[in-house]
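Observations on the model geometry
These are the residues of each chain, in order.
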Amino acid sequence: MKNGYNYFILVGCGDLGSHLAKALSRHRKSIVIIDKNEAAFNKLTADFSGFAIEGDGVEEDVLLEAEINRADVVIAVTGDDNTNIMIAQIAKVIYNVPKVVARLYEPSRGLIYEDLDIETICPTVLSMSEFSDMIALDLRQEHPQ
Amino acid sequence: MNIIIVGGGMKVHFLAKSLISKGYSITIINEDPEYCKLLSRKHKAANVVLGDGSRPQILEDAGVECTNAVIAVTPHDPDNLVICQLASKRYGVPKVFGIVNDPNNISVFKSLGVETIISTADIISSLIEQRVLTDEIIDLVPIEGGKVALMEIEMHPEYPAVGKAMMELGFPEGAIVGVIMRNGDVIIPFGKTRIQEKDRLVILYVPGVQTEVFEALSGSKNLNHKKNAQPVKEGKR
């Protein structure tokens, strides 16, 4: 699949972050992955071809080191919802990154930035939706809390 | 007036104590059950809510919809940001205060719509720095969150400014001598007013020009004065 996004910044090298980084590497994208904890980078295997920065992704210096001002996509997938919300807003509002995605375990906080062009991935909502399809029963009307 | 405080530690304890004594109705939100028990024992007049203050339901439990102010003082800046944004954007709380632990986040919080930001590290370090570097500064008050500051400097005989008129000082833009105190008299200076030794100058200035003000008055960048036995090292600014 062709797409115009070439420079990706991933914040959080957990299970999702590291998998995304490896998958994007296979598509020959430029990737910088940031994590507070250097040991997290052990999850990255040889098929990851980007850069890893040890640091706190809410710190402006760290984001600038990752050259956020020229990023096409910023993906915030740390384990902390509030950190992801803050990073996503910094990327969108201050650095005008074209595509910004945040993972939130609890989607209700996402309404803080509902007027901004930030996309939210919520594992609970996604699982509910998959599950609904599996048992052919629409469980999605009620917002999970 | 109802005030919600989110956070923990001694900061919250003393904040609550002082606000309760002034007659405000206080609700404290904290995630730690033991700390909540302690708080409710210590502050009989305060409501204590156990939970994550950056979750909308917890804020609602604390009565955010009819509160006058929310203060976010957790040690984690992203939490404070989300609390402030939820309170002002979703619940329309009129006054929202956020503490910033990393001073670099002041501009970030401002760009993201949080107006009233308190940076403890910044306030303390600038106060200490200015006091340490300059013995002659008698009083120093930040105004409007540090955008403007007020200081009082005593004129020592060896300062080149002594004997000069206001207009000859070469003061930078962004600094002005508001008042001269001389032998207990108050003088509002104009361009031709001359500085005498032992005058105490009250100066209003924007922080960026502080060194230039020192230079214009004392001839050196920081007011390290001869009475200091050791020269003061050029501090990091």
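This one's a predicted model, so the numbers in the text were calculated from it and none came from an experiment. Here, residues in each chain are numbered from 1, in the same order as that chain's written sequence. As a convention, the first chain written is A and the first ligand written is 1, with the rest following in written order. The predicted origin of the model limits local features to residues at a pLDDT of at least 70 and limits the giving and counting of side-chain atom pairs to 80 or more, whereas totals for whole chains, interfaces and linings rest on all residues. Heavy atoms from the whole structure form the basis of all side-chain values; hydrogens and water molecules are not counted.

1. What to know about the overall build of chain B
- Secondary structure follows DSSP: runs of H or I at least 4 residues long count as helices, runs of E at least 2 residues long count as strands, and numbering of each begins at the N terminus. Helices and strands together make up the secondary structure of chain B, namely seven helices and eleven strands.
- The buried share among the 237 residues of chain B stands at 42%.
- Only heavy atoms enter the contact rule, under which two residues are in contact if any of them lie within 4.5 Å. The contacts in chain B between residues at least 6 apart in sequence include a share of 55% that link residues at least 24 apart.
- Computed with the Shrake-Rupley method and a 1.4 Å probe, the accessible areas treat only the protein chains shown as cover for residues. Accessible surface for chain B amounts to roughly 12,300 Å². Of this, 55% is attributable to carbon and sulfur atoms. Relative accessibility under 20% of the residue-type maximum defines a buried residue, over 50% an exposed one, and the middle range a partly exposed one, all with a 1.4 Å probe and only protein chains included.

2. Thoughts on the pairing of strand E2 (residues 25-30) of chain B
Residue and element names in this part refer to chain B.
- Buried residues dominate E2, accounting for five of its six residues.
- For two strands to count as paired, DSSP must find a minimum of two bridges between them. Pairing of strand E1 (residues 2-6) with E2 involves five bridges; the strand directions are parallel. Within E2, the residue paired with Ile5 across the bridge is Ile28.
- In this fold, E1 hands off to helix H1 (residues 9-21), which returns the chain to E2; that crossover is right-handed.
- As defined by bridge partners, E2 adjoins strand E3 (residues 47-50) across four bridges and the pair is classed as parallel. Looking at the pairing, Thr27 lines up with Asn47 of E3.
- Handedness of a crossover is defined as follows: orient the strands so they point away from the viewer, and if the path from the first strand over the helix to the second runs clockwise, the crossover is right-handed. In this view, the connection linking E2 to its parallel neighbour E3 by way of helix H2 (residues 33-42) has right-handed handedness.

3. Describing the packing of helix H3 (residues 81-94) of chain A against helix H4 (residues 77-90) of chain B
- In contact at an axis separation of 8 Å, H3 of chain A and H4 of chain B are set at 75° when each is read in the N-to-C sense. Looking at the two axes, H3 of chain A sits roughly perpendicular to H4 of chain B. Contacts between H3 of chain A and H4 of chain B pair Asn82, Thr83, Ile85, Met86 and Gln89 of chain A from the former with Asp77, Pro78, Asp79, Leu81, Val82, Gln85 and Lys89 of chain B from the latter.
- Gly counts as polar in this scheme, as do all residues outside two lists: the nonpolar Ala, Val, Leu, Ile, Met, Phe, Trp, Tyr, Cys and Pro, and the charged Asp, Glu, Lys and Arg. Split by residue class, the contact of H3 of chain A with H4 of chain B holds five nonpolar, four polar and three charged. In this description, a line fitted to the C-alpha atoms serves as the axis of each element, helices being fitted only across the stretch in contact, and the angle between N-to-C directions of two axes falls anywhere from 0 to 180 degrees. Relative orientations are named as follows: roughly parallel for angles under 35 degrees, roughly antiparallel for angles over 145 degrees, roughly perpendicular for angles from 65 to 115 degrees, and oblique for any other angle.

4. As for the environment of Val73 of chain B
Residues and elements named next belong to chain B.
- Considering the arrangement of structural elements, one finds Val73 in the loop between strand E4 (69-72) and H4.
- When the C-alpha positions of Val73 and Asn101 are compared, they lie 9.1 Å apart, and in sequence the two are 28 residues distant.
- Those residues in contact with Val73 that sit more than four places away from it in its chain are Ile5, Val6, Gly7, Lys11, Val12, Asn80 and Ile99.

5. Description of a positive patch on the surface
- For patch building, the residue pool is restricted to those with more than 30% relative accessible area and no salt bridge; the joining distance is 9 Å between like charges and 5 Å between nonpolar side chains (Val, Leu, Ile, Met, Phe, Trp, Tyr). Only one rule defines a salt bridge in this text: a Lys or Arg side-chain nitrogen within 4 Å of an Asp or Glu carboxyl oxygen. Residues scored as charged are limited to Lys and Arg (positive) and Asp and Glu (negative), so that His and the chain ends carry no count. Just so you know, the charge point we use is NZ for Lys, CZ for Arg, CG for Asp and CD for Glu. On the surface, a cluster of positive charge is made up of Lys17, Arg41, Lys42 and Lys44 of chain B.
- Here Lys44 of chain B lies in the loop between H2 and E3.

6. Some thoughts on the sheet that holds E3 of chain B
All names here are of chain B.
- One open sheet holds the six strands; their spatial order is E3-E2-E1-E4-E5-E6, and the pairing between them is parallel. Looking at the sheet topology across the chains shown, the edges are occupied by E3 and strand E6 (116-118). Along the sheet, successive strands turn relative to each other by an average axial angle of 20°, direction set aside.

7. Remarks on the state of the cysteines
Residue and element names in this part refer to chain B.
- Throughout, a disulfide means two cysteine sulfur atoms within 2.5 Å of one another. In this structure the tally under the stated criterion is zero disulfides over all chains.
- In this model Cys84 remains outside any disulfide bridge; the closest cysteine sulfur is found in Cys66, 19 Å from its own.
- Take Cys84: its relative accessible area is 0%, and that puts it in the buried class.

8. Here's the deal with unusual backbone geometry
Residue and element names in this part refer to chain B.
- The phi dihedral of Asn183 is positive, around 45°, even though this residue is not glycine.
- Here Asn183 is to be found in the loop between strand E9 (175-182) and strand E10 (185-187).
- Assessed through its relative accessible area of 74%, Asn183 is described here as exposed.
- Even without glycine at this site, Lys198 takes up a positive phi of about 70°.

9. Quick notes on a nonpolar patch on the surface
- A surface patch of nonpolar side chains, about 420 Å² in accessible area, is lined by Phe131, Met134, Ile135 and Leu137 of chain A.
- Mapped onto the fold, Ile135 of chain A is located in helix H4 (residues 123-135).

10. Some points on the interface of chain A and chain B
- Contacts between chain A and chain B engage 19 residues on the former and 23 residues on the latter.
- For the pairing of chain A and chain B, the buried interface totals around 1,600 Å² over both sides, and the portion due to carbon and sulfur atoms is 60%.
- Here the quantity called buried area is the accessible surface, traced with a 1.4 Å probe, that two parts lose on coming together, added over both. Three residues, Asn82, Met86 and Ile112 of chain A, lead the burial of chain A against chain B; their summed loss comes to 32% of the area buried on that side.
- The interface formed by chain A and chain B includes two salt bridges.
- Among the ionic pairs, Arg55 of chain B bridges to Glu106 of chain A, the shortest N-O distance being 3.2 Å.

11. Topic: the packing of aromatic side chains
- To pair, rings of Phe, Tyr and Trp, with the six-membered ring standing in for Trp, must have centres within 6.5 Å; the planes then decide the type, stacked if under 30 degrees apart, edge-to-face if over 60, and tilted in the middle. By the definition in use, this model includes zero aromatic pairs over all chains.
- Distance and angle both matter: a charge sits over a ring if NZ of Lys or CZ of Arg is within 6 Å of the ring centre and within 35 degrees of the ring normal. Between the NZ or CZ atom of Arg70 of chain A and the centre of the ring of Tyr7 of chain A, over which it lies, the distance is 4.2 Å.

12. Looking at H4 of chain A
- Multiply 1.5 Å by the residue count of a helix minus one, and that product is the helix's expected span. Compared with the 18 Å implied by 1.5 Å per residue over 13 residues, the 18 Å span of H4 of chain A between its first and last C-alpha is a close match.
- Positive backbone phi, at 50°, marks Ala136 of chain A, one or two positions downstream of H4 of chain A.

13. Digging into the side chain of Gln89 of chain A
- Its location among the elements puts Gln89 of chain A in helix H3.
- We classify Gln89 of chain A as buried; its relative accessible area is 1%.
- Dropping the residues within four chain positions of it, Gln89 of chain A is found in contact with Ile94, Ile112, Tyr113, Leu116 and Ile118 of chain A together with Leu81, Gln85, Lys89 and Leu112 of chain B.

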